2 protein chains.
Amino acid sequence: MTPGPLGLVAGGGEVPLRVAAAARAAGREVFAVVIEGWADPAEYRHLPHLAIRLGAVGQAIDALRARGIRQLVMTGRATRPSFLSIRPDAGAARMLLKIGRAAFQGDDGLLKAVVRVLEEEGFEILPVQALLRDLLPPAGQLGAHAPGPEALRDIRRGIAVVRALGAVDVGQGAVVQQGLVLGVEAIEGTDALLARCAGLRREGPGGVLVKLVKPGQDRRVDLPTIGPATIAGAVAAGLAGLAVEADGTILVDRPATVAAADAAGLFLLAIRPDEFLEETSP
Amino acid sequence: MTPGPLGLVAGGGEVPLRVAAAARAAGREVFAVVIEGWADPAEYRHLPHLAIRLGAVGQAIDALRARGIRQLVMTGRATRPSFLSIRPDAGAARMLLKIGRAAFQGDDGLLKAVVRVLEEEGFEILPVQALLRDLLPPAGQLGAHAPGPEALRDIRRGIAVVRALGAVDVGQGAVVQQGLVLGVEAIEGTDALLARCAGLRREGPGGVLVKLVKPGQDRRVDLPTIGPATIAGAVAAGLAGLAVEADGTILVDRPATVAAADAAGLFLLAIRPDEFLEETSP
């Protein structure tokens, strides 16, 4: 049995487009469900696709089924909806009933519930890295620059903060400079975090951005993502560099991202947090 | 032995000015050390005072001693300096040596270390509430409006988030709407937190701001503070109300704050977090 066409549930940004291109380059047919408000349907005009509002999940499931699609990739930037902002169609209402309102508490609850229901409906959810190799860098220094001792201390503190937040299912990032936590990421996203940290930075050595996968996070969907725009934000915030979770951070356009970091003198480190803490233990 | 004049180490905002007025109304002489960049020396022109930059702590200690001052109140808005931004005078350099650079890691470390050193130097640090009665509201509903069930759930989630942050010595506040954590406060302060949450709010019932005292926080200095400006920010962010820690939050100008909340339809609740969690347990 062939796996059939790939269903791509697309949020914003480049990653879903790259997934589609990679799947088609590998000879696989792709059908995209483009979520309005998150992604721009015009960017999918070269692909068979259906543009729907978030509440029309029932319609999307019918369309996927009609095309014999059994495997889905869900990726791209998304804005967490509130329970009350969804105007569900009949299929979505059924799904919401199964999911329950409790899933709307917490950042990950909803996504996990959606994945569970889609699996119950017979779909297989593929991780984006199954289609795009080299998307998740392994542990190591990715660019030309290495962090100094002050940055290593800041990364240690950032790990502690991001983990504490992750334990209550909030955010994935923090900016630390000279031990001070300049900012913590909730739903505003990394770009907004970096933008406000530009106005909060202190004199002296620049800070670090630490981004980690939340404990219990489903690594098939919703991994932290960085790219050239993240580097630009980090430069504007006067950071010394970035530490992201190895094998758990989507690196959009790695050559451009690394080149931007190198050019700006920023380090770019993929870390396994436990190993990092052990290796840098004072 | 009389307690002598009161030394007032003044950061920004109204609270130090109110402390000075209350102490003088009670017949006590006040000498203010006004920290430039935090407070405006012009607002202290009616008081004997010394305006210094943060690094000139040695000069301040000499001035306090010369006036026979043994009791200090430290209050007002402050911006956390980085270690490298302080240009210490001789006295401050001695103090920094005692404090150690480690104190600059974490939000509270520095303040605690400063308090410890001042105590070693023979000063007694008074809590602001020793001079200003009714500054810290006890548990209960402060205004005309009560939180609804959705707000109670959001407060519960806010308590969990703020406590998780407090455990790693970050921030004192979070905004939660319908279970979603819209924002978490680091050093940007509550006003900035509220300002960005205005752009992140979801449809439906408004969220809540939760502000708590950090575990291990020295309640003589650096308590969370709210006032009429906080209510204005909460209104702009579309919040349903505020929950602040009872006996641990400075309420600047209570009548004006409560009146602003009442007029805008916001609830204003002083809570003891453990009791609140128990009473609202689902």
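All figures in this text were calculated on a predicted structure; none of them were measured in a lab.

Engineer: Explain the overall build of chain A to me, and be specific about the residues and the numbers.
Structural biologist: On a plain count of helices and strands, chain A comes out with nine helices and 13 strands. A globule of 282 residues ought to have a C-alpha radius of gyration of about 19 Å, and chain A, at 20 Å, matches this closely. If one aligns the C-alpha atoms of chain A with their principal axes, the spans along those axes are about 60 × 40 × 35 Å. When each of the 282 residues of chain A is scored for burial, the buried share is 55%.

Engineer: Account for the sheet that holds strand 8 (residues 180–184) of chain B, with residues named and values stated.
Structural biologist: All names here are of chain B. Taken in spatial order, the six strands line up as 6-13-11-9-7-8 in an open sheet, and their pairing is mixed. Each end of this open sheet is capped by a strand with a single partner; those strands are strand 6 (140–141) and strand 8. Looking at chain direction, strand 7 (residues 173–177) and strand 9 (residues 208–211) are connected through four bridges and run antiparallel. Opposite valine 175, over in strand 9, you have leucine 209 as the bridge partner.

Engineer: Please provide a residue-by-residue account of the environment of isoleucine 86 of chain B, values included.
Structural biologist: Residues and elements named next belong to chain B. Relative to the helices and strands, isoleucine 86 is located in the loop between strand 4 (71–75) and helix 3 (90–99). The buried category is assigned to isoleucine 86, whose relative accessible area is 16%. In this structure the C-alpha to C-alpha distance between isoleucine 86 and isoleucine 187, which are 101 residues apart in sequence, comes to 18 Å.

Engineer: Just give me the short version of the packing of aromatic side chains, but keep the residues and values in it.
Structural biologist: If you walk through the whole model with that rule in mind, you get zero aromatic pairs over all chains. Positioned above the aromatic ring of phenylalanine 31 of chain B is the side chain of arginine 67 of chain B, whose terminal nitrogen or guanidinium carbon lies 4.1 Å from the ring centre.

Engineer: Tell me about the side chain of glutamine 71 of chain A, and please be specific about residues and values.
Structural biologist: On the secondary structure map, glutamine 71 of chain A appears in strand 4 (residues 71–75). Of note is the side chain of glutamine 71 of chain A, whose polar atom sits 2.9 Å from the side chain of glutamate 124 of chain A.

Engineer: I'd love a proper account of helix 6 (residues 190–197) of chain A, names of residues and values included.
Structural biologist: Listing the buried residues of helix 6 of chain A in full gives Thr190, Leu193, Leu194, Arg196 and Cys197 of chain A. Burial along helix 6 of chain A is one-sided: seen end-on, the buried residues are contained in an arc of 165 degrees. Looking at the buried side of helix 6 of chain A, the elements it contacts are strand 7 (173–177), strand 8 (180–184), strand 9 (208–211) and helix 7 (228–236) of chain A together with strand 8 and helix 6 (190–197) of chain B.

Engineer: Talk me through the nonpolar core; I want residue IDs and the actual numbers.
Structural biologist: In this structure, Ile155 and Val184 of chain A together with Ile155 and Val184 of chain B are the most contacted members of the largest nonpolar core, which totals 44 residues. Look past the residues within four positions of isoleucine 155 of chain A in its chain and what remains in contact with it is Val208, Val210, Ala243, Phe267, Leu269, Ile271 and Phe276 of chain A. The next biggest cluster of nonpolar side chains, apart from the first, holds 25 residues, and it includes Phe31, Leu50, Ala60 and Val115 of chain B.

Engineer: I'd like a rundown of the UniProt feature "domain: LpxI C-terminal" (unreviewed entry) in chain A, residues and numbers included.
Structural biologist: When the UniProt feature table is mapped onto this chain, "domain: LpxI C-terminal" (unreviewed entry) is found at residues 138–268 of chain A. Taken end to end, residues 138–268 of chain A has its terminal C-alpha atoms 12 Å apart, with 36% of it in helix and 21% in strand.

Engineer: Can you explain the side chain of threonine 190 of chain A? Please cite residues and give values.
Structural biologist: Residue and element names in this part refer to chain A. Structurally, threonine 190 is set in helix 6. The buried category is assigned to threonine 190, whose relative accessible area is 10%. Looking at threonine 190, its side chain comes within polar contact range of the side chain of glutamate 185, at 3.1 Å. A distance of 2.6 Å separates the side chain of threonine 190 from the side chain of lysine 211, its partner in a polar contact. In this structure, threonine 190 is in contact with Glu185, Leu209, Lys211 and Thr230, ignoring residues within four places of it in sequence.

Engineer: Tell me about the packing of helix 6 of chain B against helix 7 (residues 228–236) of chain B, and name the residues and values.
Structural biologist: Two quantities define a packed helix pair, namely the angle between the helix axes and the distance between the axes. All names here are of chain B. Across the interface, helix 6 lies against helix 7 with an axial gap of 8 Å and an inter-helix angle of 15 degrees. Looking at the two axes, helix 6 sits roughly parallel to helix 7. Crossing handedness for the pair helix 6 and helix 7: left-handed. Within the contact between the two elements, helix 6 uses Thr190, Asp191 and Leu194 and helix 7 uses Thr230, Gly233 and Ala234. Partitioned by chemical class, the residues of the contact of helix 6 with helix 7 number two nonpolar, three polar and one charged.

Engineer: Tell me about the domain arrangement of chain A, residues and numbers included.
Structural biologist: Residue and element names in this part refer to chain A. Along its sequence, chain A is carved into domain 1 (6–130) and domain 2 (140–280). Computed over C-alpha atoms, the centres of domain 1 and domain 2 are 28 Å apart. Listed as interface residues are 18 residues of domain 1 and, on the opposing side, 17 residues of domain 2. The junction of domain 1 with domain 2 conceals about 1,300 Å² of combined surface from both sides, 53% of it contributed by carbon and sulfur atoms. Viewed at the interface, domain 2 and domain 1 are joined by two salt bridges. Measuring nitrogen to oxygen at the nearest pair gives 2.7 Å for the salt bridge that ties glutamate 119 to arginine 220. Where domain 1 touches domain 2, the interface holds one residue pair in polar contact (both at pLDDT 80 or more). Secondary-structure elements contributing two or more residues to the side of domain 1 that touches domain 2 are helix 1 (15–25), strand 4 and helix 4 (109–120). For the side of domain 1 that touches domain 2, the element with the most residues is helix 4, which contributes five residues.

Engineer: Talk me through the state of the cysteines; I want residue IDs and the actual numbers.
Structural biologist: Across all of its chains, the model carries zero disulfides over all chains by this definition. Looking at the unpaired cysteine 197 of chain A, the closest cysteine sulfur is the one in cysteine 197 of chain B, lying at 15 Å. On the accessibility criterion, cysteine 197 of chain A (1% relative accessible area) is buried.

Engineer: Help me get a handle on the pairing of strand 8 of chain B, residues and values and all.
Structural biologist: All names here are of chain B. With respect to burial, strand 8 is a largely interior element, five of its five residues being buried. Examined bridge by bridge, strand 7 and strand 8 share four bridges and lie antiparallel to one another. Each bridged residue has a counterpart across the sheet, and for glutamine 177 the counterpart in strand 8 is leucine 180. Counted along the chain from strand 7 to the antiparallel partner strand 8, the turn is two residues long, and its residue glutamine 178 has a positive phi close to 50 degrees.

Engineer: So what's going on with the pairing of strand 3 (residues 49–52) of chain A? Residues and values would help.
Structural biologist: Side-chain positions along a regular strand alternate between the two faces of the sheet. Residues and elements named next belong to chain A. Across the two faces of strand 3 the burial differs, with Leu50 and Ile52 buried and His49 and Ala51 not buried at all. As paired elements, strand 2 (residues 30–35) and strand 3 share four bridges and run parallel to each other. Pairing of valine 33 across the sheet is with leucine 50, part of strand 3.

The rules behind these values
- Residues numbered from 1 in each chain as written.
- Chains lettered and ligands numbered in written order.
- Predicted model: local features only at pLDDT ≥ 70, side-chain atom pairs only at ≥ 80, totals over all residues.
- Heavy atoms only, no water.
- Helix = DSSP H or I, 4+ residues; strand = E, 2+ residues; numbered from the N terminus.
- Rg over C-alpha atoms; globule rule 2.2 N^0.38 Å.
- Buried < 20%, exposed > 50% of the residue type's maximum accessible area, 1.4 Å probe, protein only.
- Pairing = 2+ DSSP bridges.
- Phe/Tyr/Trp six-rings, centres within 6.5 Å; stacked < 30°, edge-to-face > 60°.
- Lys NZ or Arg CZ within 6 Å of the ring centre and 35° of its normal.
- Polar contact = N/O pair within 3.5 Å; in protein donor to acceptor, adjacent residues only side chain to side chain.
- Arc of directions from axis to C-beta.
- Contact = heavy atoms within 4.5 Å.
- Core = buried A, V, L, I, M, F, W, Y, C linked by side-chain atoms within 4.5 Å.
- UniProt positions renumbered as here; feature names shortened; annotations may be inferred.
- Axes fitted to C-alpha atoms, helices over the stretch in contact; angles between N-to-C directions.
- Parallel < 35°, antiparallel > 145°, perpendicular 65-115°, else oblique.
- Left-handed = near helix turned anticlockwise from the far one by under 90°.
- Nonpolar A, V, L, I, M, F, W, Y, C, P; charged D, E, K, R; others polar.
- Domains from an automatic or database assignment.
- Buried area = accessible area lost by both parts, 1.4 Å probe.
- Salt bridge = Lys/Arg side-chain N within 4 Å of Asp/Glu carboxyl O.
- Disulfide = S-S within 2.5 Å.

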